[in-house]
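# Structural overview for review
Read off the chains here:
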Amino acid sequence: MKQLFRLFVAFALAAFLSTSFVAVPASAAARAATSASVTVSAASVAPNQSVIVRGTLKRGSQAFGGARVALQVRLMGSPTWSVLKSAVTSASGQISTTVWPSRNHQFRLVFSGWSSAYPAASQVRDVFVRQAATVTRTSSTSVDAGDPVTLSGVTSLALAGRPATLQIKSGSTWKSIVGGKVSAAKTFSLSTKATGRGNQYYRVVVTGTPSASGAISATKTFAVYAWYSLDTTFSDGWRALVPQDYWRVAGVNYTKVLGAWDTQSSWRQYTLAGKCRTFKSTIGMKDGSSEGAQFDASIDQRYVDFGTLEPGQSRKIAASVSSADYLIFGTSPRYFDEMRGIYPAYAGATVSCLSQPGYM
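What comes next is a walk through the structure.

### What to know about the pairing of strand β14 (residues 163-170)
Bridge analysis of β14 against strand β15 (residues 173-181) gives eight bridges, and the strand direction is antiparallel. Among the inter-strand pairings, P163 is bridged to a residue of β15, identified as K181. Hairpin connection from β14 to β15: two residues lie between these consecutive antiparallel strands, with G171 at a positive phi of about 70°. In terms of strand pairing, β14 meets strand β17 (residues 198-206) through five bridges, oriented antiparallel. Each bridged residue has a counterpart across the sheet, and for T165 the counterpart in β17 is V205.

### A word on the sheet that holds strand β11 (residues 133-138)
Sheet strands pair via backbone hydrogen bonds, and the direction of the pair is either parallel or antiparallel. On the basis of which strands lie adjacent, the open sheet formed by three strands has the order β11-β13-β16 and antiparallel pairing. At either margin of the open sheet sits one strand with a lone partner, and together these are β11 and β16 (187-193). Averaged over neighbouring strand pairs, the angle between their axes works out to 30° when direction is ignored.

### A word on the state of the cysteines
One pass over the structure, following the stated rule, counts one disulfide. Paired through a disulfide, C276 and C353 show a sulfur-sulfur distance of 1.9 Å. In this structure the cystine formed by C276 and C353 twists about its S-S bond by roughly 100°; its chirality is therefore right-handed. Residue C276 is located in strand β23 (residues 276-285), and its partner C353 is located in strand β28 (residues 344-353); the two are separated by 77 residues in the primary sequence. For the pair C276 and C353, a shared accessibility class is recorded, and that class is buried.

Reading the values: the criteria
- Residues numbered from 1 in each chain as written.
- Predicted model: local features only at pLDDT ≥ 70, side-chain atom pairs only at ≥ 80, totals over all residues.
- Heavy atoms only, no water.
- Pairing = 2+ DSSP bridges.
- Helix = DSSP H or I, 4+ residues; strand = E, 2+ residues; numbered from the N terminus.
- Axes fitted to C-alpha atoms, helices over the stretch in contact; angles between N-to-C directions.
- Disulfide = S-S within 2.5 Å.
- Buried < 20%, exposed > 50% of the residue type's maximum accessible area, 1.4 Å probe, protein only.

In structure tokens:
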């Protein structure tokens with residue numbers, strides 16, 4: 001009887017041990033580690049340029065073919081992924097597709113796992129799309145200070161509706177001066193008034209988003225001409241037109257003019273160095289003059305006749321001095337013999353230049 005009991009206990013113990021080992025599935029014990037990676041053919045592209053996105057899955061250190069994986073995509077800045085392509089990996093463990101992005105995107109490869117292989121997700125790959133802001137038209141690039149400066153153009157479609165700013169270069173930095181907005185038709189037009197003198201540099205900056213990078217236009221150069229007064233020069237001999245204070249010409253009081261005193265002819269000469277474009281003034285005889293006088297100018301080798309004015313008359317004049325090296329303007333009596341009591345004047349004589357004209 002004791003022998004039978006011992007035999008029963010031995011069989012029961014063997015059965016218990018056998019069932020305990022079977023409770024651990026063989027597949028779980030053999031589940032393999034996997035890894036995923038993704039590459040892109042270009043990390044920065046123009047809008048709608050093709051990009052090849054390729055994912056690779058490995059089991060251990062070997063290519064993992066025959067596994068269903070998904071290439072996923074999302075707009076940069078978005079938390080939501082969507083499936084770009086779902087397919088079974090090739091014998092080399094790969095899957096690929098081609099995209100034509102117009103905005104910044106992120107890509108990754110995802111494997112959901114098998115009973116014999118762990119799931120895996122790759123690192124994220126970024127593709128940036130280079131947006132554009134192109135100036136297609138400007139106002140005249142040769143302007144006087146205070147004249148309008150306008151830059152108009154077009155952007156990439158992804159920047160439609162985005163803020164746009166007109167900037168001017170100040171030293172080595174850029175200063176924002178006028179704000180606007182890109183239209184739904186992806187166009188912009190921004191205007192300001194020219195300031196300063198000499199060459200001025202302008203550009204347009206469009207603000208982007210995480211999924212649509214901003215853009216900066218090419219720099220546009222404007223030649224800005226400032227008006228320089230010519231009535232502050234010093235006396236240059238008895239025949240010079242010299243600054244005269246408080247003259248009344250044709251009933252109008254001027255605090256300062258370039259005038260002549262009882263001389264046969266008088267003039268002023270300036271060096272322009274090809275950097276000026278317009279000479280302007282009011283001409284006339286000082287009230288109380290006994291005779292009229294002729295007004296004229298020499299611009300390089302070109303003679304300009306402004307006409308003869310009688311006492312009590314005045315006239316506004318203008319002459320082009322574009323690219324001229326020098327300007328001489330002056331007066332002479334109506335008759336060739338010297339007359340007394342003749343007081344011709346240039347009131348408000350100015351010239352528009354890129355830089356201060358010189359005096360000879």
